[in-house]
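# Observations on the three-dimensional arrangement
The residues making up each chain are set out below.
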Amino acid sequence: MRRRRVARRRLLSWIWLLLASFSVAGLVLFIVQHHHQQQQDPSQLTLERDTRTEEYVSPPRLNFTEEVTSASSFARQLAEQMTLAKAYVFIAKEHNNLHLAWELSSKIRTCQLLLSKSAMRGQPISLDEAKPVVTGLSALIYKAQDAHYDIATTMMTMKSHIQALEERANAATVQTTVFGQSVAEAVPKSLHCLMIKLTSDWLTEQPSRREAAAADENRNSPRLVDNNLYHFCIFTDNVVAASVVVNSSVSNADHPKQLVFHIVTNRVSYKAMQAWFLGNDFKGSAIEIQSVEEFSWLNASYSPVVKQLLDDADSRAYYFGDQETNSEPKVRNPKYLSLLNHLRFYIPEIYPQLEKIVFLDDDVVVQKDLTPLFSLDLHGNVNGAVETCLEAFHRYYKYLNFSDPLISSKFDPQACGWAFGMNVFDLIAWRKANVTGRYHYWQEKNRERTLWKLGTLPPGLLAFYGLTEPLDRRWHVLGLGYDVNIDNRLIETAAVVHYNGNMKPWLKIGIGRYKPFWLKFLNSSHPYLQDCVTA
């Protein structure tokens, strides 16, 4: 028994000795291998890693633009044949060969699909893919040519079509302009209705109205010439437009009773204007209504423009000539024959006792108190106006004929234009600079009507050249009478917004998103307006 135990102990000892030997051998082998890896060249390891990486790099994708423009690519050949086929589709339809047109269109769609697949997969079109499509399309093109749709025929036909389309487009443009101008010139039914009602009202109650007008004139007469008050002038025959201008001005004024409005109209609208402004309250502001026919001094012997517009048959023919001529459609606008449109150049003579005045067009809306305009320093200039040359087309060369040496020798073609519609005039400086005389000089020089485009702005640019003080843009924002996008923030912060253009807010063609700024100051609760709108 003892011997067995001793043998067992010896066997266990040998087993533990062998295990220890294997462990020591493994540890030594691990140390030697680790030391060998540390001594290996790092560049070789990097190279091995790069080599393994390169095995997984995908081939570069196709640049399809270069493929289509390559002279040897199937993509370019397909694109060129497809372009030619499209032309033959058009010609075939014109010759009522609808079957050929359908076959060509089908092949064109096949070409487009093949080009699209090539672009999506990023691989060039192969010969096997291109051959059947090119062959089929070539056969159809040859068929079209054999049907006398050769290149010369194609070019002549397309040229004639292009010319016809251009003529139709030009005619449509002129027609659209004429129709738009006609709509803009026409008196809306509601406004015509209002004028009739007001005039009838004035005539029916003539004695009492005259007494009220006389009393009002006597009460306001000292205020009409008081230079301590704030004076505004409006020249219009539109009762509703004038009402909105006055109402928006007094509504936003800090002291409306210090505002004086001088309105000049014509004999047709005079009674309606009197009836409207006497029958409505404008927060205590003074309002003077005059008729342009009262200005006997404004006659043909004094004013060249009056002579041209009233006494010169050639001028009337110029404005209302043959409708088939190629003249600009806007020359048909009767406002160019209205003295009201030219009174802005005679303000110091209309109001000889005033020193400063703000001119407002009848298509503006006032949104801020305008009395700070009267304290602006114009630095000796006559006209305070907002410049409009942020866009290149509002510079002098766009309004004036600089091919005439009389213009080119006196004016800078890059000079900045400005806008009528909201202008502050220093009438003392005006009289000193004789701006009206300068206006007359240029009207005399323009007898042949070659120096500028139609309108009152071009002669204004000449008469006030070097005499205009630029105002902050926020005083006067223009463009609400055109179908253009104007930043609402710019409109909301503007002192005056101007509906210059044909799309006036009182017309049906007025732009809907801009109308609320005008309608806000329209006295729509007036019974006459309600009756006329629903009439």
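Residues numbered from 1 in each chain as written. Predicted model: local features only at pLDDT ≥ 70, side-chain atom pairs only at ≥ 80, totals over all residues. Heavy atoms only, no water.

### Points about the environment of Arg109
Looking at the secondary structure, you find Arg109 in helix α5 (residues 98-121). Arg109 gets classed as partly exposed once you look at its relative accessible area, which sits at 46%. (Helix = DSSP H or I, 4+ residues; strand = E, 2+ residues; numbered from the N terminus. Buried < 20%, exposed > 50% of the residue type's maximum accessible area, 1.4 Å probe, protein only.)

### Description of the packing of aromatic side chains
Scanning the model with the defined rule gives 23 aromatic pairs in all. On the basis of an interplanar angle of 50 degrees and a centroid distance of 5.9 Å, the ring pair of Trp506 and Trp518 is categorised as tilted. One end of the pair, Trp506, is in the loop between β9 (496-498) and α20 (515-519); the other, Trp518, is in helix α20, with twelve residues separating them in the sequence. An identical accessibility class is assigned to Trp506 and Trp518; each is buried. Cation over ring: Arg344 sits above Phe420, and NZ or CZ is 4.9 Å from the ring centre. In this arrangement the basic side chain of Arg513 is found over the ring face of Tyr514, its NZ or CZ atom lying 4.9 Å from the centre. (Phe/Tyr/Trp six-rings, centres within 6.5 Å; stacked < 30°, edge-to-face > 60°. Lys NZ or Arg CZ within 6 Å of the ring centre and 35° of its normal.)

### As for the nonpolar core
Within the largest apolar cluster, 61 residues are counted, with the highest numbers of intra-cluster contacts made by Val246, Phe277, Leu360 and Leu370. Among the elements that line this core, the one with the most residues is helix α10 (residues 239-251), at eight residues. Apart from the residues lying within four places of it in its own chain, the contact partners of Val246 are Ile234, Phe261, Ile263, Phe277, Phe282 and Ile287. One finds Val264, Tyr351, Ile357 and Leu461 within the second-largest nonpolar core, a separate group that totals 47 residues. (Core = buried A, V, L, I, M, F, W, Y, C linked by side-chain atoms within 4.5 Å. Contact = heavy atoms within 4.5 Å.)

### A look at unusual backbone geometry
Positive phi is not limited to glycine here, since Lys283 has a value of about 55 degrees. Judged by relative accessible area, Lys283 falls into the partly exposed class, the value being 42%. Look at Arg449: it is not a glycine, yet its phi comes out positive at around 55 degrees. Position of Arg449 relative to the elements: it lies in the loop between α17 (435-445) and α18 (457-463).

### Examining the sheet that holds strand β2 (residues 259-265)
Here we have seven strands laid out as an open sheet, ordered β3-β2-β1-β4-β7-β6-β8, and mixed in their pairing. With one partner strand each, in any of the chains shown, β3 (286-291) and β8 (468-470) form the two edges of the open sheet. Averaged over all pairs of adjacent strands, the angle between strand axes in this sheet comes to 25 degrees, irrespective of strand direction. Relative to strand β4 (residues 356-360), strand β1 (residues 230-235) runs parallel, the two sharing two bridges. What sits directly across from Cys233, in β4, is Phe359. Each of β1, β2, β3 and β4 is contacted by α10, which is oriented at about 175 degrees to β2, the strand it contacts most. (Pairing = 2+ DSSP bridges. Axes fitted to C-alpha atoms, helices over the stretch in contact; angles between N-to-C directions.)

### A closer look at the pattern of salt bridges
Close approach of charged atoms allows side chains with opposite charge to pair. Under the defined criterion, the tally for this structure stands at ten salt bridges. The partner of Arg513 in a salt bridge is Asp483, and the shortest N-O contact between them spans 3.4 Å. Placement of Arg513 in the loop between β9 and α20 and of Asp483 in the loop between β8 and α19 (488-492) is noted, with a sequence separation of 30 residues between them. Here Asp483 falls in the exposed class, since its relative accessible area comes to 56%. (Salt bridge = Lys/Arg side-chain N within 4 Å of Asp/Glu carboxyl O.)

### Looking at the state of the cysteines
This structure, assessed with the given rule, holds two disulfides. Across the disulfide, Cys193 is cross-linked to Cys532 (sulfur-sulfur distance 2.2 Å). Across the S-S bond linking Cys193 and Cys532, the dihedral sits near -75 degrees, which makes this disulfide left-handed. Placement of Cys193 in helix α8 (residues 189-204) and of Cys532 in helix α21 (residues 527-534) is noted, with a sequence separation of 339 residues between them. Take Cys193 and Cys532: they sit in the same class, and that class is buried. (Disulfide = S-S within 2.5 Å.)

### Here's the deal with the side chain of Lys515
Looking at the element boundaries, Lys515 is found in helix α20. At 13 Å, Asp483 is the nearest oppositely charged side chain to Lys515, a buried residue that forms no salt bridge. Lys515 has contacts with Tyr499, Pro505, Leu507, Lys508 and Gly510, leaving out every residue within four places of it along the chain. (Lys, Arg positive; Asp, Glu negative; His and termini not counted.)

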